[in-house]
4 protein chains.
Amino acid sequence: MTEKIRFGVIGAGRIGRIHVENLCYNVPDAEVAGISEVEASLPATKEWAKKFGIANIVSDPMVLISDPNIDAIAICSPTDTHADLIIACAEAGKAIFCEKPIANDVEKTREALEAVEKAGVKLQVGFNRRFDPNFRRIRELVQTQAIGEPHIIKITSRDPAPPPAEYVKGSGGIFLDMTIHDFDMARYLSGSEVTEVYASGSVLIDPAIGEAGDFDTAVIVLKLANGSTCVIDNSRRAAYGYDQRAEVFGSKGSAQAYNNTPTNVEVSTGEGVTTDKPLFFFLERYMESFAQELRDFTEALKKGSEPPVTGNDGLQSLLIAIAATKSARENRPVKISEVL
Amino acid sequence: MTEKIRFGVIGAGRIGRIHVENLCYNVPDAEVAGISEVEASLPATKEWAKKFGIANIVSDPMVLISDPNIDAIAICSPTDTHADLIIACAEAGKAIFCEKPIANDVEKTREALEAVEKAGVKLQVGFNRRFDPNFRRIRELVQTQAIGEPHIIKITSRDPAPPPAEYVKGSGGIFLDMTIHDFDMARYLSGSEVTEVYASGSVLIDPAIGEAGDFDTAVIVLKLANGSTCVIDNSRRAAYGYDQRAEVFGSKGSAQAYNNTPTNVEVSTGEGVTTDKPLFFFLERYMESFAQELRDFTEALKKGSEPPVTGNDGLQSLLIAIAATKSARENRPVKISEVL
Amino acid sequence: MTEKIRFGVIGAGRIGRIHVENLCYNVPDAEVAGISEVEASLPATKEWAKKFGIANIVSDPMVLISDPNIDAIAICSPTDTHADLIIACAEAGKAIFCEKPIANDVEKTREALEAVEKAGVKLQVGFNRRFDPNFRRIRELVQTQAIGEPHIIKITSRDPAPPPAEYVKGSGGIFLDMTIHDFDMARYLSGSEVTEVYASGSVLIDPAIGEAGDFDTAVIVLKLANGSTCVIDNSRRAAYGYDQRAEVFGSKGSAQAYNNTPTNVEVSTGEGVTTDKPLFFFLERYMESFAQELRDFTEALKKGSEPPVTGNDGLQSLLIAIAATKSARENRPVKISEVL
Amino acid sequence: MTEKIRFGVIGAGRIGRIHVENLCYNVPDAEVAGISEVEASLPATKEWAKKFGIANIVSDPMVLISDPNIDAIAICSPTDTHADLIIACAEAGKAIFCEKPIANDVEKTREALEAVEKAGVKLQVGFNRRFDPNFRRIRELVQTQAIGEPHIIKITSRDPAPPPAEYVKGSGGIFLDMTIHDFDMARYLSGSEVTEVYASGSVLIDPAIGEAGDFDTAVIVLKLANGSTCVIDNSRRAAYGYDQRAEVFGSKGSAQAYNNTPTNVEVSTGEGVTTDKPLFFFLERYMESFAQELRDFTEALKKGSEPPVTGNDGLQSLLIAIAATKSARENRPVKISEVL
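Before going further, it helps to examine the overall build of chain A. Looking only at helices and strands, one finds 13 helices and 15 strands in chain A. A globule of 340 residues ought to have a C-alpha radius of gyration of about 20 Å, and chain A, at 20 Å, matches this closely. The dimensions of chain A, computed from C-alpha atoms along their principal axes, are 55 × 55 × 45 Å. Burial statistics for chain A: of 340 residues in total, 62% are counted as buried. Counting only contacts in chain A whose residues sit at least 6 apart along the sequence, the fraction spanning at least 24 positions is 71%. Taken as a whole, chain A presents about 12,300 Å² of accessible surface, with 50% of it coming from carbon and sulfur. Distance between charge centres in chain A, computed from 36 positive and 48 negative side chains, equals 2 Å.

And the structure:
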């Protein structure tokens, strides 16, 4: 059957627009049947949507959720709306693609997941980095046992510039806001569950971040159920740009992903041999992964199979982030079971 | 002015479809107003064009060329039709994007270029590799004198698999069919004109190619007007895939472009440390350049500026290819002035 | 003054012979005036020493220590003899180069260091990795502030094959036996002192190592006085050989050292693109550093300056190793002040 | 038999001293029994030789050549003395290691080789680059057919700085003085003989070199008997240092050797990602190869086998260099048979 999956997209901010563009251009089996955006941004959204030929632009997301012509909803609105929108979608029987996180607290997350389960609808959480070709390749090498059983997992994740301290106040802190991607990556690459977390945070970049009660530099050690150990290092500011690397060291070998660059040109002069800095930030670095996550979601809907990132994946990363926050504050390893 | 350039596309084979897709999705200032394709392929083309919402599919290219709603024509039909279509477009006052080569003989090429000049229309020839980010970066380093005056230019261009010997018979031979891209690259990277060619060809891969009067392996030395020397090496079959590299060595340093790969994952095992083979062939390797050449062409039309690859660029590469063919046959350096 | 420093070498096992060879061939200002070795190995040692023209081979190290013609003693005998030999050398007024560790317990170490201080002799501990050109380069980049203030330090240290479980029983465990080099590297690269340790150990390679009460895989987090955090990952068996890498991430940038390989040849075939595995083990990998540490020690003696690795460096690494052992056993971060 | 080969070394200039040091320190089966040097340099040579314990320093090379205690002579004196010294050594029944070239003309070279053949002594010519681990590895990959039959060979050889134009006048020109190493490398890597040469030279760096009748930049194409083609590019001045790379592209794959560097440290800052320039010049770059060529020569003498670089290797490279000079002057391909 070649019929396309018809998406309604809630929220046309930066990430929502990326998803609309991908659904229109890079996901052959999908199309966008409507977009909702807050009243104030409707005119700009309508203007922008013209080039995709999308005319159905509304201010009330329920219009899309209750539209019988729409198969799936992509939730790209602010975090605090996610859980309620998931519940509404589930009740309306829609398939759901939701940006991460589902919520910043466990109870709300569970509530949403229960609604999904009860309704029996499909839900995929937007951990897009899983769809990056480099990391996906490492995952395959683990799954095929090409590098044996995982022993040590290393993830480097450093941003090019810190967010304003203001933002940090409401974000839940570095572990919920930034490291949560790496927690998901640890689970993804290892194929195992985290059981214990030791987190160390420091303020080395912007004292205002410290005054807001957060860290700007962090190192986290995860113990996993399969016996492996994962180390994550985070910084809010890498002078050379966005640093996103990972390594899985296993019983038969090791697989490493390096940074992607705009070109691979190498320039040799009297000063040295120089190559490009990494792609600047997540929009460039993960461009391909944003398209791929929607292709895979759409494919799962068409096949009726389980989406590749589940609601439980969203919950687990949240639990690890909460445990990490507790660990850094209390300066001791914290078991996941403590924060359940 | 935000109005889009309206393209008619002649020929919806492999390269024509790539151009249509790029014009629809990756060139914001362009749109496709019609496609022509030979009668036999009309139904398949119509079916395929649906997803882009293109309904104007015709069998006679003149319908597009004479359509007052069309601003520019992309010529993607077989080589032997290029020159006449260029002339028709010129006479109709259309801007022209033409796949390389304009023609396989000099007279026909000149005739087409004269029509273009007489009509005063814009013409861009499809030397897409100039728009590859790696090679473009090297060009910039030359232009900004970051590596000084060019002294030695090296281009490696090896295909993953040879064409059938049948194809080779009609292609004009390796220098016209394959090396012509490298001849253009030499001019592009150096910013200078070729004055003399020494070409050496051999048959090491497929004796049938030799029986068809062609070579499957070649090394070519070009002398350029700015005093630099360029070396090109070609093979019809690299066991590891599509090998596309270049280096410009100048008075202040050197710039090298390496192959692009699907991922940058490095796998270390007891067997060694292994990375990906190059992207397999030109569709993957030059994907970005196919979009960029049309963005730049469209931008030139909107600005009324000279397109970045001119008709003369098409002519010069043809002359070099003809001189190379003569050189390989006569085993002596051949001046470009000899083949004018 | 061009007079050479005359060395007596105690112990002509694997490392002792390397030092003799370097002192003879690669340290222009040094010469070997005598070697001591246990009685049983005297004949073999004498035979081996011929090629260096060394005739003074004795079984009693005190013969060398009390020899007025000898300026410096290199202690290369088993660990449990180090402290007493240091004391004897100090009392005899000899300069001392001692293989690491000084001792496996703090008291004995302190006792030796006090003797050294009292006698006012020079002592260098054999943390040879500091003299590796890669790591030395990173140290310089930190010292010159080229990468700013250190924020995160990462050290990967994996052996090609585990020692016999028997050996592990007497070695003091992975943190004293293997990670101690990395603890020193953390102090060296950061230029700061470790204040707290969190260590996680697991048994993933050889159950016999676990039965002997040790780990074969470990991840350690160090907090340093300058605010930076260091992560070390260890494995007793990397399938691809000896893995020795380090990174310092600082406020202005990052510096990384990769593995050294026998050649830099890259082989591209239908199977992939393959390069060499790392140099197999420490003798090959650190060959240059073994010579350099003795050149620098000799230079310090000639200049009367402080040797580049001090007795305190030996003590600090021991304290960190003891704290790490405690941390792994008690599953909590341990302050260095707890183990003083 | 463990007896050492006793060398006499003629000439204690830069290269002679390297050989003496290697024979003393890095060739276990060799020792230096005497050195000859011109009268004026005798005192400095004697002083220098002390550290190796070599007392037999003479001004007349015949003293060494006629010394019955000497097994082999290393000829490290100026080029114009090589042939006569080879003849004298051959008549005295000594094994001969001779720096390249044997002579700058064919007749003199043949005369020397005939004397060697008549006397039945062993002769090795100092093409040290064959013993570089990178190039040796490529040779092995060709010999084992790991990359199949060679199709294209590429050699890049660029010096960090040009010699004085004065030197160039007496050197025989770039092809005899510099490219001759690359001609030998082409034969070594391919395992085949050169049949035809096309050489292109230009003067882009120092006009004085042009006035002296030589080139400072050159590109050379060699046709080989096995059907492969080799391309060499030379420059007398690479701004970034000594550039020594090679690639063999064969029917089953490709093997490439890159430059060696002092460290492998990669520094990422806001300016870019920078690594070391290549090792500065031949003494650093080929340090290991200078030791290895003497180990292999010594081993050949001990085993009575053919040395790895023969007199014919010296002759062939000379013939190619002469043909290249002729080709560049006459601007046409020149067959080796023309210069026999």
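Let us look at unusual backbone geometry. Among all residues except glycine, the phi angle is most often negative; among peptide bonds, the trans geometry is most common. Residue and element names in this part refer to chain A. Of note, the bond from Lys100 into Pro101 is cis; its omega dihedral lies within 30 degrees of zero at -10°. Unusually for a residue other than glycine, Gln145 sits at a positive phi of about 65°. Position of Gln145 relative to the elements: it lies in the loop between helix H6 (133–143) and strand S7 (150–158).

Glancing now at the relation of the copies chain A and chain C. A rotation about an axis combined with a shift along that same axis relates the two copies of the chain. For the pair chain A and chain C, the best superposition has an RMSD of 0.0 Å and corresponds to a rotation of 180° with a translation of 0.0 Å parallel to the axis. In the structure described here, the two chain copies are related by an operation that fits a two-fold rotation axis. Residue Arg332 of chain A, judged by its C-alpha, is the member of chain A lying nearest the rotation axis, at 2.8 Å. A shared interface surface links the copies, since 100% of the contact residues of chain A are contact residues in chain C too.

Right, let's talk about the interface of chain A and chain C for a bit. Between chain A and chain C, the contact holds 38 residues from the first and 38 residues from the second. Taking both partners together, chain A and chain C bury about 3,000 Å²; carbon and sulfur atoms supply 59% of that area. On the chain A side of the interface with chain C, the three residues burying the most area are Lys154, Tyr198 and Phe249 of chain A, jointly 17% of the side's total. At the boundary of chain A and chain C, one finds six salt bridges. Lys154 of chain C serves as the salt-bridge partner of Asp233 of chain A, at 2.9 Å between the closest nitrogen and oxygen. Along the contact surface separating chain A from chain C lie 14 residue pairs in polar contact (both at pLDDT 80 or more). Contributing elements (two or more residues each) for the side of chain A that touches chain C: S7, strand S8 (194–202), strand S9 (217–224), strand S10 (229–235), strand S11 (243–250) and strand S12 (253–257) of chain A. Among the residues forming the side of chain A that touches chain C, the class breakdown is 13 nonpolar, 14 polar and eleven charged.

Further remarks concern the pattern of salt bridges. Enumeration over the complete set of coordinates arrives at 112 salt bridges over all chains. Put simply, Arg158 of chain C and Asp243 of chain C hold a salt bridge, and the shortest N to O gap is 3.2 Å. Of this pair, Arg158 of chain C sits in strand S7 (residues 150–158) while Asp243 of chain C sits in strand S11 (residues 243–250); the two residues are 85 residues apart in sequence, bridging distant segments of the chain. Of the two residues, Arg158 of chain C and Asp243 of chain C, neither departs from the other in class, the shared state being buried. Several salt bridges converge on common partners, so that one network encompasses Lys154 and Glu247 of chain A together with Arg158, Asp233, Asp243 and Arg245 of chain C.

Listed as interface residues are eleven residues of chain A and, on the opposing side, eleven residues of chain D. Taking both sides of the interface into account, the surface hidden between chain A and chain D amounts to around 910 Å²; carbon and sulfur atoms contribute 57%. Here chain A and chain D share zero salt bridges between them. Linking chain A with chain D are four residue pairs in polar contact (both at pLDDT 80 or more). At the level of elements, strand S13 (266–269) and strand S14 (272–275) of chain A are the ones that each hand at least two residues to the side of chain A that touches chain D. Considering every element that reaches the side of chain A that touches chain D, the biggest residue donor is S14 of chain A, with four residues. Its residues placed into classes, the side of chain A that touches chain D shows three nonpolar, six polar and two charged. Looking at chain direction, S14 of chain A and strand S14 (residues 272–275) of chain D are connected through three bridges and run antiparallel. Across the sheet, the residue bridging to Thr274 of chain A is Thr274 of chain D, located in S14 of chain D.

Bringing the packing of helix H6 (residues 133–143) of chain C against helix H9 (residues 179–190) of chain C into the picture now. Residue and element names in this part refer to chain C. The N-to-C vectors of H6 and H9 enclose an angle of 40°; their axes lie 8 Å apart at closest approach. Between H6 and H9, the angle falls in the class oblique. Residues Phe135, Arg136, Ile138, Arg139 and Val142 of H6 form the contact with H9, whose participating residues are Met185, Tyr188, Leu189 and Ser190. In terms of residue class, the contact of H6 with H9 is built from six nonpolar, one polar and two charged.

Below, the discussion takes up the relation of the copies chain A and chain D. For the pair chain A and chain D, the best superposition has an RMSD of 0.0 Å and corresponds to a rotation of 180° with a translation of 0.0 Å parallel to the axis. Interface overlap between copies: 100% of the residues of chain A at the interface are likewise at the interface in chain D, consistent with a symmetric, same-surface contact.

Okay, the sheet that holds strand S1 (residues 5–10) of chain A next. Residues and elements named next belong to chain A. Strand order in the open sheet formed by six strands is S3-S2-S1-S4-S5-S6, with parallel pairing between adjacent strands. Where the open sheet ends on each side, the last strands, each with one partner, are strand S3 (57–58) and strand S6 (123–125). Pairing analysis gives six bridges linking S1 to strand S2 (residues 30–36), with the strands arranged parallel. By the bridge assignment for S2, Val9 is matched with Ile35.

Attention now goes to the side chain of Glu247 of chain C. Looking at the secondary structure, you find Glu247 of chain C in strand S11. Within the structure, the side chain of Glu247 of chain C is placed 2.7 Å from the side chain of Ser254 of chain C, a separation counted as a polar contact.

What follows concerns the nonpolar core. Residues Phe175 and Leu222 of chain C together with Leu222 of chain D are the most contacted members of the largest nonpolar core, which totals 206 residues. Setting aside anything within four residues of it in sequence, one finds Leu222 of chain C in contact with Phe183, Ala186, Val194, Glu196, Val197, Ser228, Thr229, Cys230, Ile232 and Ile320 of chain C.

Another point: the confidence of the model for chain A. The pLDDT averaged across chain A works out to 96; a share of 99% of its residues lies at or above 70. For this predicted complex, the interface score ipTM comes out at 0.96, alongside a pTM of 0.96.

Right, let's talk about the environment of Ala239 of chain A for a bit. Along the polypeptide, Ala239 of chain A turns up in the loop between S10 and S11. Overall, the relative accessible area of 32% leaves Ala239 of chain A in the partly exposed class. Spatially, the C-alpha atom of Ala239 of chain A lies 19 Å from that of Ala165 of chain A, the residues being 74 residues apart in sequence. With residues near it in sequence (within four places) discarded, Ala239 of chain A still touches Ser251, Lys252 and Gly253 of chain C together with Thr269 and Gly270 of chain D.

A cluster of like negative charges, contributed by Asp105, Glu107, Glu111, Glu114 and Glu117 of chain A, occupies part of the molecular surface. Positionally, Glu117 of chain A belongs in helix H5 (residues 106–119).

For the rest of this paragraph, the subject is the packing of aromatic side chains. Per the counting criterion, the structure on display carries 48 aromatic pairs over all chains. For the pair Phe281 of chain D and Phe282 of chain D, a centre-to-centre distance of 5.1 Å together with 80° between the ring planes defines the contact as edge-to-face. Judged by relative accessible area, Phe281 of chain D falls into the partly exposed class, the value being 23%. Through pairs of rings, three or more aromatic residues link up here, namely Tyr25, Trp48 and Phe52 of chain A together with Tyr25, Trp48 and Phe52 of chain B. The residue whose ring lies beneath Arg158 of chain C is Phe249 of chain A, and the NZ or CZ to ring-centre distance is 4.2 Å. The side chain of Arg139 of chain D reaches across the aromatic face of Tyr188 of chain D, ending 5.9 Å from its centre.

Take the pairing of S12 of chain A next. All names here are of chain A. The buried count for S12 comes to five of five residues, which makes it a mostly enclosed element. Of the two faces of S12, the one lined by Gly253, Ala255 and Ala257 and the one lined by Ser254 and Gln256 are each fully buried. Here five bridges tie S11 to S12, and the two strands are oriented antiparallel to one another. Opposite Ala246, over in S12, you have Ala257 as the bridge partner.

Moving on: the packing of helix H5 (residues 106–119) of chain B against helix H13 (residues 311–330) of chain B. All names here are of chain B. Where H5 contacts H13, the two axes come as close as 10 Å, and the packing angle between them is 170°. Judged by the inter-axis angle, H5 sits roughly antiparallel to H13. Between H5 and H13, the residues in contact are Val106, Thr109, Arg110 and Leu113 and Gly311, Asn312, Leu315, Leu318, Leu319 and Ile322, respectively. For the contact of H5 with H13, the per-class residue count stands at six nonpolar, three polar and one charged.

This brings us to the state of the cysteines. Note: disulfide means a covalent bond formed between the sulfur atoms of two cysteine side chains. Here the structure, examined in full by the defined rule, presents zero disulfides over all chains. Between Cys98 of chain B, a free cysteine, and Cys76 of chain B, which holds the nearest cysteine sulfur, the sulfur-to-sulfur gap is 8.3 Å. Considering cysteine sulfurs only, Cys98 of chain C is the nearest to Cys89 of chain C, which forms no disulfide, with 8.5 Å between them.

Parameters and conventions
Along each chain, residues carry numbers from 1 onward, in the same order as the chain's sequence is written. To read the labels, note that chains go from A and ligands from 1, taken in the order they are written. Only residues with pLDDT of 70 or above have their local features reported here, since the model is predicted, and side-chain atom pairs are shown and tallied only from 80 upward, although totals for entire chains, interfaces and linings are computed over all residues. Only hydrogens and water are removed before side-chain values are computed, so all heavy atoms of the structure are retained for them. Under the DSSP-based scheme used, a helix requires at least four consecutive residues in state H or I and a strand at least two consecutive residues in state E, with every element numbered from the N terminus. What the globule rule says is 2.2 Å times the number of residues to the power 0.38, and the radius of gyration is computed from C-alpha atoms. Only protein chains enter the accessibility calculation, which uses a 1.4 Å probe; a residue whose area is less than 20% of its type maximum is buried, one above 50% is exposed, and one in between is partly exposed. Two residues qualify as a contact provided that any one of their heavy atoms is within 4.5 Å of a heavy atom in the partner residue. Under the convention used here, a 1.4 Å probe and the Shrake-Rupley method define accessible areas, while residue burial counts only the protein chains that appear. Only four residue types enter the charge count, namely Lys and Arg as positive and Asp and Glu as negative; His and the chain termini do not. Lysine's charge is taken at NZ, arginine's at CZ, aspartate's at CG and glutamate's at CD. The least-squares superposition of copies is restricted to C-alpha atoms, and to residues with a pLDDT of at least 70 in both copies. Throughout, buried area stands for the accessible area (probe radius 1.4 Å) lost by two parts on being put together, summed over both. Should a side-chain nitrogen of Lys or Arg be within 4 Å of a carboxyl oxygen of Asp or Glu, the pair is scored as a salt bridge. Nitrogen and oxygen atoms within 3.5 Å of one another constitute a polar contact, given that in protein one can donate a hydrogen and the other can accept it, and given that sequence-neighbouring residues count only through two side-chain atoms. Ten residues, namely Ala, Val, Leu, Ile, Met, Phe, Trp, Tyr, Cys and Pro, are considered nonpolar, four, namely Asp, Glu, Lys and Arg, are considered charged, and the remaining ones, Gly among them, are considered polar. Strands are labelled as partners when DSSP assigns at least two bridges between them. Axis definition: a line fit to C-alpha positions, over the contact stretch in the case of helices; interaxial angles, taken between N-to-C directions, run 0 to 180 degrees. These descriptions rest on fixed angle ranges, namely under 35 degrees for roughly parallel, over 145 for roughly antiparallel, 65 to 115 for roughly perpendicular, and the rest for oblique. In this description, a nonpolar core means a group of buried Ala, Val, Leu, Ile, Met, Phe, Trp, Tyr and Cys residues linked to one another through side-chain atoms lying within 4.5 Å. pLDDT is a per-residue confidence score from the predictor, ranging from 0 to 100. Patches here are clusters of residues that have more than 30% relative accessible area and form no salt bridge, with a 9 Å joining cutoff for like charges and a 5 Å cutoff for nonpolar side chains (Val, Leu, Ile, Met, Phe, Trp, Tyr). Pairing of aromatic rings covers Phe, Tyr and the six-membered ring of Trp, with a centre-to-centre limit of 6.5 Å; geometry is then stacked below 30 degrees between planes, edge-to-face above 60, and tilted otherwise. Here, over-ring charges are defined by two tests on the NZ atom of lysine or the CZ atom of arginine: distance to the ring centre within 6 Å, and angle to the ring normal within 35 degrees. In this description, the term disulfide denotes a pair of cysteine sulfurs within 2.5 Å.

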